[in-house]
Amino acid sequence: MNIAEMEPPVSVISTLPVDERLRLTFLVEEFNSLYAEVLDAGRIADWPDFFTEDGVYRLLARDNAEAGLPLSLMYCNGRGMLKDRAYAIENTEMFGPRYSKHQVTNTRILGLEGNILSARSNYVIFETHVDEPTRILQVGSYHDRFALDGETLLLKERCALYDTVCVPVSVVFPP
Amino acid sequence: MGNMTQFPDRSKVAPDAERLKDYTWPEDPHHVPEWIYTDEYIAELEQQRIFQGRTWNYAGLEVEVPEVGSFIRSYLGSMPIIVVRDEEGVIRAFENRCAHRGAEFCRSYRGKAESFTCPYHQWNYGLDGSLQSVPFRRGVKGKGGMPKDFDMGANSLRRLNVTTRNGAIFVSAHDDMEPFEDYLGPQMLEQFDTAMDGRPLRLLGVHRNILEGNWKLYQENLKDTYHATLLHTYLTTFGLFVASNETFVITDEAGRHSATCNRRPEGRPENDETTAEIGSFHSAMQLEDPSVLNIVKESDSPWTSNALTIWPNMILIRQTNIFSARQIVPMGPDKFMLIWASYGYADDDEAMQEHRLKQNNIFGPGGFIGIDDNEVIKFVSDGALRGSERDGVIPLGKDDEPDDTVITDRALRGMYAWYRKEMGL
């Protein structure tokens with residue numbers, strides 16, 4: 001897994017007609033807003049439902065990705081692992097209570113092949129712990145492949161690539 | 001001739017006796033004073049007497065610097081260093097600080113270089129850290145330039161003593177260190193070789209992580225086997241580590257290093273009597289994808305996990321098929337960085353690498369049990385920083401009892417007995 005495999009080396013505007021790009025961008029933005037809402041509400045048990053049955057989630061440090069190193073901070077391959085991650089967060093992990101807010105921006109459609117839609121966005125996650133000022137947990141980018149069915153999107157792969165290489169304390173909820 | 005510039009020996013600088021009078025270690029060996037987690041002077045003294053003292057400090061893996069000129073940013077204690085492979089293939093380490101104006105010039109996590117140049121005035125250093133060239137050494141038009149007697153040899157990067165064992169790199173500020181094998185002692189060496197057996201490694205990746213707490217809390221955490229079955233519900237729920245498992249806690253003679261080895265039984269710990277005492281145990285839970293925790297047999301070791309703490313800054317872990325080497329980098333009294341390198345072996349096939357990558361979800365700053373530790377260290381640190389004064393207590397177990405129980409603080413007492421000697425406290 002490296003960046004070159006995820007995206008074409010030269011970034012150009014997709015050749016899809018502008019109306020189609022507008023429609024697809026809206027669908028992705030709406031998807032990301034819902035994704036953020038669910039995570040920011042702490043509804044981690046619903047998180048696997050954003051993925052297809054064989055969906056893959058990777059959370060990668062940017063320096064590792066650039067060096068072609070495959071280690072992830074979180075890695076789920078398939079619904080089973082996504083659910084196991086959700087279960088661990090809800091039932092076995094110990095962590096201080098926190099609020100989070102995702103901001104997802106710069107959404108761009110890269111292309112549509114068959115029913116597979118490729119897109120990328122940037123994200124920032126603010127985190128607030130009890131009696132502490134709000135801080136930035138992560139700044140990064142989503143590199144996504146969605147399965148498109150009519151107006152419905154499901155993630156076949158979400159690779160969250162974070163610039164915040166020195167992770168502050170811990171990342172509990174998947175970005 | 002190479003780089004002859006030695007690192008200054010600060011370990012012989014006597015601590016400020018007047019200042020040390022303010023610190024009185026409690027008489028009860030079960031007590032740990034909380035000022036060792038919060039005090040600036042103690043933190044400074046630790047750099048001098050421990051990290052720059054007579055210790056071998058873990059600094060990275062050989063596989064991180066695979067070719068001539070490959071380098072990584074690393075640390076000796078809190079001090080930034082560069083670890084690099086030179087033209088002869090020898091691993092070198094030196095302070096990341098220009099001999100001229102003192103700039104910390106190497107700013108990349110990792111890379112490959114033919115030489116190192118400080119951008120400020122372009123002083124150039126070879127891969128062994130020796131000063132190679134200084135621009136305008138003779139000045140311009142006969143004016144300016146370096147003094148005639150300027151000694152290039154005396155202005156190299158400060159080099160460190162380097163040794164390796166089975167692919168791990170250790171550095172020391174002292175040239176006359178005992179061999180690493182003697183530093184560990186025979187029992188710990190055997191444990192070390194189980195977690196890193198000498199086959200060529202494959203680097204899977206490196207996590208960098210800032211923790212809010214004193215660096216010793218991390219050493220403690222790994223030596224404190226009592227917490228493992230209580231805090232880490234994931235371990236007990238899915239049977240990776242249960243208090244009644246066959247387990248040994250071993251320390252070296254000095255008490256500074258330790259290893260916990262554990263054998264996990266096949267299947268889940270449903271009928272284990274000890275789970276009744278663990279309030280957080282979830283007996284009904286099954287993993288949706290249990291293959292993640294499969295044990296792929298890859299060595300003759302009777303143990304399924306070995307967790308080593310190597311004084312002063314290394315945690316080396318083998319858990320099922322996960323291997324990781326963690327470097328503790330103190331950042332003042334109440335903060336430290338962890339650099340966690342995760343590795344497999346070069347002869348892993350694709351399926352084995354995938355298995356290791358999946359299993360690695362357990363560790364790291366986003367890991368099923370990594371999160372527990374990182375969070376609880378902040379809780380302890382917040383207590384020490386904000387609470388009213390009280391000693392921590394480490395009363396569990398006896399120092400002379402057999403080493404086959406986890407319900408003990410024995411390894412912590414050993415570490416602090418050694419710490420007091422090195423620190424003169």
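Residues numbered from 1 in each chain as written. Chains lettered and ligands numbered in written order. Predicted model: local features only at pLDDT ≥ 70, side-chain atom pairs only at ≥ 80, totals over all residues. Heavy atoms only, no water.

## What about the overall build of chain B?
Then comes step 1: Broken down by element type, chain B carries ten helices and 19 strands.
Then comes step 2: Over its C-alpha atoms chain B spans a radius of gyration of 23 Å, differing by no more than 12% from the 22 Å that the globule rule assigns to 425 residues.
Then comes step 3: Its C-alpha atoms give chain B principal-axis dimensions of roughly 85 × 60 × 35 Å.
Then comes step 4: Taken across its 425 residues, chain B has 59% of its residues classed as buried.
Then comes step 5: For chain B, contacts bridging at least 24 residues in sequence account for 67% of all contacts bridging at least 6.
Then comes step 6: Here chain B displays about 17,800 Å² of accessible surface, and carbon together with sulfur accounts for 49% of that area. (Helix = DSSP H or I, 4+ residues; strand = E, 2+ residues; numbered from the N terminus. Rg over C-alpha atoms; globule rule 2.2 N^0.38 Å. Buried < 20%, exposed > 50% of the residue type's maximum accessible area, 1.4 Å probe, protein only. Contact = heavy atoms within 4.5 Å. Areas by Shrake-Rupley, 256 points an atom, 1.4 Å probe, with all protein chains shown as cover.)

## A word on the overall build of chain A
Then comes step 1: Across its full length, chain A holds four helices and seven strands.
Then comes step 2: Overall, chain A shows an N-to-C arrangement of helices and strands of α-α-β-α-β-α-β-β-β-β-β.
Then comes step 3: Taken over C-alpha atoms, the radius of gyration comes to 16 Å for chain A, in line with the 16 Å a tight globule of 175 residues would show.
Then comes step 4: Expressed as lengths along the three principal axes of its C-alpha atoms, the size of chain A is roughly 50 × 35 × 30 Å.
Then comes step 5: Every one of the 175 residues in chain A was classed for burial, and the buried ones make up 53%.
Then comes step 6: Of the contacts made within chain A by residues no fewer than 6 positions apart, 61% connect residues no fewer than 24 positions apart.
Then comes step 7: With an accessible surface of roughly 7,600 Å², chain A has 53% of that area assigned to carbon and sulfur atoms.
Then comes step 8: Distance between charge centroids for chain A: 2 Å, based on 16 positive and 26 negative side chains. (Lys, Arg positive; Asp, Glu negative; His and termini not counted. Charge placed at Lys NZ, Arg CZ, Asp CG, Glu CD.)

## Some words on the pattern of salt bridges
Residue and element names in this part refer to chain B.
Then comes step 1: Applying the stated criterion across every chain, the model contains 40 salt bridges over all chains.
Then comes step 2: For R85, the salt bridge goes to E62, with nearest N and O atoms at 3.4 Å. Within this pair, whereas R85 is found in strand β4 (residues 79-85), its partner E62 is found in the loop between β2 (57-61) and β3 (70-76), the two being separated by 23 residues in sequence.
Then comes step 3: Owing to a relative accessible area of 13%, R85 belongs among the buried residues under this scheme.
Then comes step 4: For E62, a relative accessible area of 23% gives the class partly exposed. (Salt bridge = Lys/Arg side-chain N within 4 Å of Asp/Glu carboxyl O.)

## Comments concerning helix α9 (residues 370-386) of chain B
Then comes step 1: Under the 1.5 Å per step criterion, the end-to-end length of α9(B) is 24 Å for 17 residues, consistent within 8% with the ideal 24 Å.
Then comes step 2: For α9(B), every residue scored as buried is listed here: G370(B), I371(B), D372(B), D373(B), N374(B), E375(B), I377(B), K378(B), S381(B), D382(B) and A384(B). (Expected span 1.5 Å × (residues − 1).)

## Considering the interface of chain A and chain B
Interfaces are often sized by the accessible area lost when the parts come together.
Then comes step 1: The interface of chain A with chain B comprises 36 residues on the first partner and 42 residues on the second.
Then comes step 2: At the boundary of chain A with chain B, total buried surface from both sides reaches about 3,500 Å², with 58% on carbon and sulfur atoms.
Then comes step 3: If you sort the residues of chain A by the area they bury against chain B, L71(A), M94(A) and V169(A) come out on top, with a joint share of 21%.
Then comes step 4: At the boundary of chain A and chain B, one finds four salt bridges.
Then comes step 5: Between K378(B) and E132(A) there is a salt bridge, with its nearest N and O atoms 2.7 Å apart.
Then comes step 6: The element contributing the most residues to the side of chain A that touches chain B is helix α4 (residues 79-92) of chain A, with nine residues. (Buried area = accessible area lost by both parts, 1.4 Å probe.)

## Describing the nonpolar core
Then comes step 1: Among the nonpolar cores identified, the biggest contains 123 residues, and Y57(A), L61(B), F192(B), Y218(B) and Y234(B) are the most heavily contacted of them.
Then comes step 2: Ranked by residue count, the leading element in this core is strand β18 (residues 336-345) of chain B, at eight residues.
Then comes step 3: Of the domains in this structure, domain 1 (53-162) and domain 2 (193-423) of chain B are the two that each give at least three residues to this core.
Then comes step 4: Apart from the residues lying within four places of it in its own chain, the contact partners of F192(B) are R165(B), N166(B), A168(B), F170(B), F180(B), L184(B), L308(B), I310(B), M314(B) and L316(B).
Then comes step 5: Of all hydrophobic cores here, the second largest spans 18 residues; its members include I82(B), V84(B), F105(B) and Y125(B). (Core = buried A, V, L, I, M, F, W, Y, C linked by side-chain atoms within 4.5 Å. Domains from an automatic or database assignment.)

## Digging into the side chain of Q219(B)
Then comes step 1: On the secondary structure map, Q219(B) appears in helix α5 (residues 216-223).
Then comes step 2: The residues contacting Q219(B), other than those within four sequence positions of it, are T309(B), I310(B), W311(B), P312(B), N313(B), M314(B), I315(B), I328(B) and M415(B).

## A few points about the sheet that holds strand β10 (residues 161-165) of chain B
Residue and element names in this part refer to chain B.
Then comes step 1: Across the sheet, which stays open at both edges, the three strands sit in the order β2-β11-β10 with antiparallel pairing between neighbours. Two strands close off the open sheet at either side, each with one partner strand: β2 and β10. Strand-to-strand twist in this sheet, taken as the mean axis angle between neighbours without regard to direction, amounts to 30 degrees. (Pairing = 2+ DSSP bridges. Axes fitted to C-alpha atoms, helices over the stretch in contact; angles between N-to-C directions.)

Any functional reading would require information that these geometric values do not contain.
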